[in-house]
Amino acid sequence: MEFREVLSRRQSCRAYDPARPVSKEDILACIEAAGLAPSACNSQPYHFTVCTGDFGKAVAKACTGMGMNKFALDAPCTIVVEEAAYNATAAAGSKFKGQDYRSIDIGLAVSQLVLEAQNRGLATCILGWFDEKKLKALLGTDAHIRLVITLGYAKEGDPLRKKSRKELEKIVEFKE
Ligand SMILES: Cc1cc2nc3c(=O)[nH]c(=O)nc-3n(C[C@H](O)[C@H](O)[C@H](O)COP(=O)(O)O)c2cc1C
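This is a predicted model, so every value here is computed, not measured.

Visitor: In this structure, what is going on with the pattern of salt bridges? I would like to understand it.
Guide: Between side chains of opposite charge, a pair can form when the charged atoms approach closely. Counted according to the given criterion, the structure contains seven salt bridges. One salt bridge connects Asp26 with Arg120, and the closest N-O pair in it is separated by 2.7 Å. In this pair, Asp26 is assigned in helix α2 (residues 24-35) and Arg120 in the loop between α5 (101-119) and β3 (123-127), connecting sequence segments 94 residues apart. Judged by relative accessible area, which is 12%, Asp26 ranks as buried. Residue Lys136 pairs with Glu132 through a salt bridge whose shortest N-O separation is 3.7 Å. One end of the pair is Lys136 and the other is Glu132, both in helix α6 (residues 132-139) and four residues apart, which spans about a single turn. Assessed through its relative accessible area of 23%, Glu132 is described here as partly exposed. Beyond isolated ion pairs, a larger network of salt bridges with shared partners links Asp26, Glu116 and Arg120.

So this is what it looks like as structure tokens:
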């Protein structure tokens, strides 16, 4: 797929085909793409847990509080994104400059992950709505959980939506 086509066809999928699993090869390629992303001082402050089967369902369930994200229950795979430690230089830079590089690094990595998935004909949705306490208990981790990604194939006939975005002039300005 053309790069631009990947960008425009990627959309948050909220209708998965529960009967179509994702191959381990595709999952690993997506994680590898995430790991190729730039990060402050090359710190790569993230960890991905790939969850399938009953474990994946339990993770999905932890994202459905207050009636949200019910579609996640149909996704054959969920990926939990934990924040990991900075390396020493990123930690020093972050403190010195008062910048939260980890959020930026995680966002960049997740962006590459979902674009690689799109390039492989897979569908994703990034979830920021989840019960962190429940996920921590499930995963047996104390790390800060930042995102969950649903991964699978869109249901047959799931339409490509028109993008709703701010006009270019509202997000950019040129100064000389
Ligand atoms: C940090 C983050 C958190 C999000 N959380 C959710 C979520 O919990 N549930 C959901 O359905 N979509 C979630 N989304 C998807 C956004 O709603 C979606 O990206 C946005 O509306 C643009 O639509 P598009 O991805 O289809 O282009 C999240 C996206 C991001 C980047």
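Visitor: What exactly am I supposed to notice about the pairing of β3 here?
Guide: Within a regular strand, the side chains alternate between the two sheet faces. By the criterion of burial, β3 is predominantly enclosed, with four of the five residues buried. As judged from the five bridges shared by β3 and strand β4 (residues 145-152), these two strands associate in the antiparallel manner. Directly across from Cys125, in β4, lies its bridge partner Thr150.

Rules used throughout
- Residues numbered from 1 in each chain as written.
- Predicted model: local features only at pLDDT ≥ 70, side-chain atom pairs only at ≥ 80, totals over all residues.
- Heavy atoms only, no water.
- Salt bridge = Lys/Arg side-chain N within 4 Å of Asp/Glu carboxyl O.
- Helix = DSSP H or I, 4+ residues; strand = E, 2+ residues; numbered from the N terminus.
- Buried < 20%, exposed > 50% of the residue type's maximum accessible area, 1.4 Å probe, protein only.
- Pairing = 2+ DSSP bridges.

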